[in-house]
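Take a look at the letters that make up each chain.
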Amino acid sequence: MFASAGNPLQGVKFQLQKKNASGVFENYDGIKTSDTNGKFSWEGLPKGEYQVVETEASSGYFKPKEPVSKFTVNENGEIVIIEGKTTIIKNYKKPNIEF
């Protein structure tokens, strides 16, 4: 999790969602919060398709409307497909407009 300037953002909240048998993403596991290095993770995920939704942005930043990451885990618990082929999420500051 990085700001548009490339600096890590702490305190950003994320919800993991897993695709169910009907093809609908449902909340899976608890909400994670990025640490001082802008990092967060989930471990021991079973086989399936997942997406990560940002639930709370840092103060002064936009919260994305779409999932920030999508990935697939195989039967060995390995991430085998990452949409966009990146694990870096960029956040963008809200403009500071004065009237």
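Right above here is the structure, for reference.
In this text the structure is predicted, and so the values were computed from the model without any measurement.

*Asks:* Outline the environment of proline 8, listing residues and values.
*Replies:* For proline 8, the position within the fold is in the loop between β1 (2-3) and β2 (13-19). Owing to a relative accessible area of 38%, proline 8 belongs among the partly exposed residues under this scheme. Sequence separation of proline 8 and threonine 36 is 28 residues, and the distance between their C-alpha atoms is 7.2 Å.

*Asks:* Quick rundown of the pattern of salt bridges? Include the residues and the values.
*Replies:* Throughout the structure, instances matching the rule amount to two salt bridges. Taking the shortest distance from any N to any O, the salt bridge between glutamate 75 and lysine 47 comes out at 3.9 Å. Highlighted residues: glutamate 75 in the loop between β5 (69-73) and β6 (79-82) and lysine 47 in the loop between β3 (25-33) and β4 (48-56), separated in sequence by 28 residues. As far as burial versus exposure is concerned, glutamate 75 and lysine 47 are alike and both exposed.

*Asks:* I'd like a description of the sheet that holds β5, backed by residues and values.
*Replies:* With antiparallel pairing, five strands are arranged side by side in an open sheet as β3-β2-β4-β5-β6. The open sheet has two edge strands, β3 and β6, and neither has a second partner. In this sheet, adjacent strand axes meet at a mean angle of 30° when their direction is disregarded. The pairing of β2 with β3 spans six bridges and is antiparallel. Note on β3: the bridge partner recorded for glutamine 15 is isoleucine 31.

Rules used throughout
- Residues numbered from 1 in each chain as written.
- Predicted model: local features only at pLDDT ≥ 70, side-chain atom pairs only at ≥ 80, totals over all residues.
- Heavy atoms only, no water.
- Helix = DSSP H or I, 4+ residues; strand = E, 2+ residues; numbered from the N terminus.
- Buried < 20%, exposed > 50% of the residue type's maximum accessible area, 1.4 Å probe, protein only.
- Salt bridge = Lys/Arg side-chain N within 4 Å of Asp/Glu carboxyl O.
- Pairing = 2+ DSSP bridges.
- Axes fitted to C-alpha atoms, helices over the stretch in contact; angles between N-to-C directions.

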